[in-house]
Every structure is written in structure tokens, then in C-alpha cells.
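In case you want the letters, here they are:
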Amino acid sequence: MAQRKVEGLVESQASVTVISPSTTRALDTLAAQGLIRIIRREYRQGDLEGTFLVISATDDEEINQAVFAEAGEKGLLVNVVDQPELCNFIVPSVVRRGDLVISISTSGKCPVLAKRVRKQIEKQYGPEYQEYLLLLSQAREKIKASYKTEQERGKALERVMDSGILELIRVGKKDLAEETIERCI
Ligand SMILES: C[C@@]1(CC(=O)O)c2cc3[nH]c(cc4nc(cc5[nH]c(cc(n2)[C@H]1CCC(=O)O)[C@@](C)(CC(=O)O)[C@@H]5CCC(=O)O)C(CC(=O)O)=C4CCC(=O)O)c(CCC(=O)O)c3CC(=O)O
Ligand SMILES: NC(=O)C1=CN([C@@H]2O[C@H](COP(=O)(O)OP(=O)(O)OC[C@H]3O[C@@H](n4cnc5c(N)ncnc54)[C@H](O)[C@@H]3O)[C@@H](O)[C@H]2O)C=CC1
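Let me begin by describing the structure that accompanies this report. (Residues numbered from 1 in each chain as written. Chains lettered and ligands numbered in written order. Predicted model: local features only at pLDDT ≥ 70, side-chain atom pairs only at ≥ 80, totals over all residues. Heavy atoms only, no water.)

## Overview of the site of ligand 2
Contacts to ligand 2 come from 13 residues, most closely from Met1, Ser20, Ser22, Tyr43 and Asp82. The backbone of tyrosine 43 places a nitrogen or oxygen atom 2.9 Å from a nitrogen atom of ligand 2. Contacts to ligand 2 include threonine 58, whose backbone N or O atom sits 3.4 Å from an oxygen atom. Its residues assigned to classes, the shell around ligand 2 shows seven nonpolar, three polar and three charged. (Near = heavy atom within 4 Å. Polar contact = N/O pair within 3.5 Å; in protein donor to acceptor, adjacent residues only side chain to side chain. Nonpolar A, V, L, I, M, F, W, Y, C, P; charged D, E, K, R; others polar.)

## Brief notes about the site of ligand 1
In the region of ligand 1, 19 residues are neighbours, and Ser93, Thr106, Gly108, Lys115 and Arg118 sit closest. At 2.8 Å, a side-chain N or O of arginine 4 approaches an oxygen atom of ligand 1. Between ligand 1 and lysine 115, the relevant distance is 2.5 Å, taken from an oxygen atom to a side-chain nitrogen or oxygen of the residue. Among the secondary structure elements, those contributing two or more residues to the shell around ligand 1 are α1 (2–11) and α4 (111–124). For the shell around ligand 1, the element with the highest residue contribution is α4, accounting for five residues. By residue class, the composition of the shell around ligand 1 is seven nonpolar, six polar and six charged. Taken domain by domain, the shell around ligand 1 gets at least three of its residues from each of domain 1 (2–91) and domain 2 (92–125). (Helix = DSSP H or I, 4+ residues; strand = E, 2+ residues; numbered from the N terminus. Domains from an automatic or database assignment.)

## Examining the pattern of salt bridges
Overall, the coordinates contain eleven salt bridges when judged by the stated rule. Between glutamate 128 and arginine 170 there is a salt bridge, with the nearest N and O atoms lying 2.9 Å from each other. Of the two residues, glutamate 128 is situated in helix α5 (residues 128–146) and arginine 170 in helix α7 (residues 165–170); the sequence distance between them amounts to 42 residues. Residue classification places arginine 170 among the partly exposed positions, given a relative accessible area of 44%. Salt bridges sharing partners connect three or more residues here, namely Glu49, Glu70 and Lys74. (Salt bridge = Lys/Arg side-chain N within 4 Å of Asp/Glu carboxyl O. Buried < 20%, exposed > 50% of the residue type's maximum accessible area, 1.4 Å probe, protein only.)

## Here's the deal with the environment of valine 94
Its place among the elements puts valine 94 in strand β5 (residues 93–97). When the C-alpha positions of valine 94 and glycine 72 are compared, they lie 26 Å apart, and in sequence the two are 22 residues distant. Residue contacts for valine 94: discarding those within four places in its chain leaves Val101, Ile102, Ser103 and Arg118. (Contact = heavy atoms within 4.5 Å.)

## Observations regarding the nonpolar core
Residues Tyr132, Val160, Ile165, Ala177 and Ile181 are the most contacted members of the largest nonpolar core, which totals 16 residues. Of all the secondary-structure elements, those providing two or more residues to this core are α5, α6 (150–161), α7 and α8 (174–184). Broken down by element, this core gets its largest block of residues, six residues, from α5. Sequence-distant contacts of tyrosine 132, that is, excluding residues within four places in its chain, are made with Met161, Ile165, Leu166 and Ile169. Of all hydrophobic cores here, the second largest spans nine residues; its members include Tyr43, Val67, Val80 and Leu86. (Core = buried A, V, L, I, M, F, W, Y, C linked by side-chain atoms within 4.5 Å.)

Dropping the structure here:
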């Protein structure tokens, strides 16, 4: 459980510290890559000093309670996995395509539905969306510099988005997509 939450945080560029006497191989690899810090011992009162967000994923009810209490005292965001009553925020299911981030939450009512919806959205918004968004953001900068009114800018961006570049990216024709954008602007 901890590993899954850490992976989500690392993907969001969070600075992550794991406190646990034992860790999974995947977490050890992240630490070796310098992406997280591991403190190899049990949680102690005071460990939450200086943190912004806390996830407690131990299999020890008492520890989870203690972490929740310390986080509450310090006014931190806290999530005790699988105990919604010990959470002041809920972790959503997430689809990431570069800077395109789609979060799905059932507000704790049925996480497995969130997972199902994620899988459907993943099919609809494939990996090509990462490149697509990158090109759109570059096009948008050019459009901002080329047109004076908001209306003109909006129309130019619509032209780019209606030009079929998503399909071109999908079939690997990035050069053609870039040329098409130039013509639209
Ligand atoms: C409230 C919340 C707390 C929180 O913020 O963590 C919570 C709570 C609970 N989950 C439970 C079980 C399962 N959770 C999953 C999966 C996910 N759970 C996630 C989030 C959340 N889970 C938050 C609500 C989010 C929302 O509502 O949208 C996801 C989206 C994100 C993530 O965890 O990273 C991730 C899917 C990621 C993905 O794949 O896209 C699976 C399926 C699986 O693992 O394959 C099962 C087993 C099936 C089942 O039991 O339903 C139980 C019962 C435990 C028990 O029976 O003891 C509780 C406790 C309760 O409901 O009381
Ligand atoms: N894995 C799953 O699919 C599910 C897990 N859960 C619940 O989620 C929680 C975690 O589950 P898992 O990740 O499977 O357990 P796990 O046993 O794999 O991981 C628990 C981790 O907590 C660490 N830990 C224990 N005491 C600690 C302490 N005092 N200080 C710091 N670290 C400590 C352990 O070293 C271990 O690495 C449990 O409460 C479990 O009941 C509930 C439903 C499903």
C-alpha cells in the first residue's frame, strides 16, 4: 500500500520520506535513484515535523492512530490508508499523460469504480496526449505572440485543435503535425 502511494507522490514530483523498518525492492530502487529518502526505523512522535502531507500505511492500528493524532495537532494533510475516518483528504485514481492529469474519485464510496473509470479513460486518452499537449502549449505561446485579441487567439487555437494533429501524433507523424500547426497559426 505504501509503495503505491509513494509512486503516485513521486510522479507528482513530491519530496518523499519513507519511515519504515522494512521496505519493498521498488522503494529501495527509488531511494537508490535519489527520488525518495528512507529512514529505516519505526515511526516516532515528532517525525512529522516540517512535512506538508502524511500517509500512514502501517499494519499497526495504534501507530496509524498516533500518526493521525500528530498530524491533527500540526494541522497537516493526512491519509491513513483504508480508514476514511482517519483521513482529511482522499487519494483519487489518476490518469497522467505528461502534464495532462485526470483524477477520478468516488469520494470514498467505491474505490474500485474509480479504478474501472480510470481504465476506461486510459483507453480514451492514450499516450499520444502527452505529445499533443506539449505541441498545443508551444502553439499557444506562438499564438499569444501573434494575435492581439482574445477572440483571435481563441479561434487560432481552435483551428490547431481541429486540424487533425492528434491523429498525426498517434501514427508517429510529429513533423507533419508541427507543419500543420504552423499553417493554422
Ligand atoms: C477512501 C479511500 C482512502 C484513500 O484515500 O486511500 C479508500 C478506501 C478503501 N479502499 C479499500 C479497498 C480497495 N481500494 C482499492 C483501490 C484504490 N483505492 C483508492 C483510493 C481510496 N481507497 C480512497 C477512496 C477513493 C475513491 O473513492 O475514489 C485508489 C483510487 C487510489 C490509491 O489507493 O492509490 C485505488 C485505485 C487506484 C487505481 O488502480 O486506479 C482496491 C482495489 C485494488 O487495490 O485493486 C480495493 C479492494 C476492493 C474493495 O475492498 O473495494 C477499502 C476496503 C479495505 C478493506 O476491506 O479492509 C477502503 C476502506 C473503506 O472503504 O472503508
Ligand atoms: N494490501 C492491500 O491490498 C490492503 C491493505 N489494507 C490495509 O492497509 C494497511 C497496509 O497494508 P500493506 O501495505 O499490505 O501492509 P504491509 O505489511 O505490506 O506494510 C506495512 C508496512 O508498515 C511498516 N510498519 C509497521 N509498523 C511500523 C511502525 N511502527 N513505524 C513505521 N513503519 C511501520 C512495516 O515495516 C511494513 O513495511 C494495513 O492496515 C492493511 O490492513 C487493506 C486492504 C487491502
